Amino acid sequence: QVRLVESGGGSVQTGGSLSLVCTPSGRTFSYSDMAWFCQAPGKEREFVALISSTDGTWYGGPAMGRFTIARDNAKNLLYLQMNRLKAEDTAIYSCAAESDGRGGYVYWGQGTQVTVSS
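None of the values given here were measured: they were computed from a predicted structure.

A. Fine view of the overall build of the protein. From N to C terminus, the protein includes zero helices and 11 strands. Counting from the amino terminus, helix and strand elements in the protein follow one another as β-β-β-β-β-β-β-β-β-β-β. Expressed along its principal axes, the backbone C-alpha trace of the protein runs to roughly 40 × 30 × 25 Å. Counting over 118 residues, the protein shows a buried share of 39%.

Structure (structure tokens):
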């Protein structure tokens, strides 16, 4: 069974940093796109960042310049470094793996809560 498990969430003050980790199990994703999404209460899920199998990266507007997505294929891990956090970054952050060819992803984690207080 394939699972994605996020960790590293927590509560920080505005301007702080958090490092999220996505740990897949059941298979490796070295040849797959992987991404981070977030969902704030009462809002739709929002794209945060994507890293391709060739390490190309793309970011959603709010993440650009503050967040960094990275992967370690040898360890089968996905990371999201979040700096200069703002209150509006408060959300559940989930990782996703393997594009389904229709704009979505095949595998999703349950998410980790990030809370930024001012």
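The discussion continues.
B. Quick look at the pattern of salt bridges. Taken as a whole and assessed by the stated rule, the structure comprises three salt bridges. A salt bridge links R27 to E98; the shortest N-O distance between them is 2.6 Å. With a gap of 71 residues between them, R27 in the loop between β3 (18-25) and β4 (34-39) and E98 in strand β9 (residues 91-99) connect regions that are remote in the sequence. On the basis of relative accessible area, R27 is assigned to the partly exposed category, the value being 28%. The salt bridge partner of D89 is R66, with a shortest N-O separation of 2.7 Å. With D89 in the loop between β8 (77-82) and β9 and R66 in the loop between β6 (57-59) and β7 (67-72), this pair connects stretches of sequence that are 23 residues apart. For D89, a relative accessible area of 5% translates into the label buried.

C. Looking closely at the state of the cysteines. In total, this model carries one disulfide according to the counting rule given. In this model, C22 is linked to C95 through a disulfide, with the two sulfur atoms separated by 2.1 Å. Taking the sign of the S-S torsion, about 60° here, the bridge from C22 to C95 comes out right-handed. Residue C22 is located in strand β3, and its partner C95 is located in strand β9; the two are separated by 73 residues in the primary sequence. The same class applies to C22 and to C95, which are both buried. For C38, which is in no disulfide, the shortest distance to another cysteine sulfur is to C95 and amounts to 13 Å.

Calculation notes
The numbering scheme is per chain: residues are counted from 1 as the chain's sequence reads. Only residues with pLDDT of at least 70 are given local features in this predicted model, and only at 80 or more are side-chain atom pairs given and counted; all residues enter the totals for whole chains, interfaces and linings. Note that water and hydrogens are dropped before the side-chain values are worked out from all heavy atoms of the structure. Helix and strand assignments follow DSSP, with helices taken as H or I runs no shorter than four residues and strands as E runs no shorter than two, numbered in order from the N terminus. Relative accessibility under 20% of the residue-type maximum defines a buried residue, over 50% an exposed one, and the middle range a partly exposed one, all with a 1.4 Å probe and only protein chains included. By salt bridge we mean one thing: a side-chain nitrogen of Lys or Arg within 4 Å of a carboxyl oxygen of Asp or Glu. Criterion for a disulfide: a pair of cysteine sulfur atoms within 2.5 Å.

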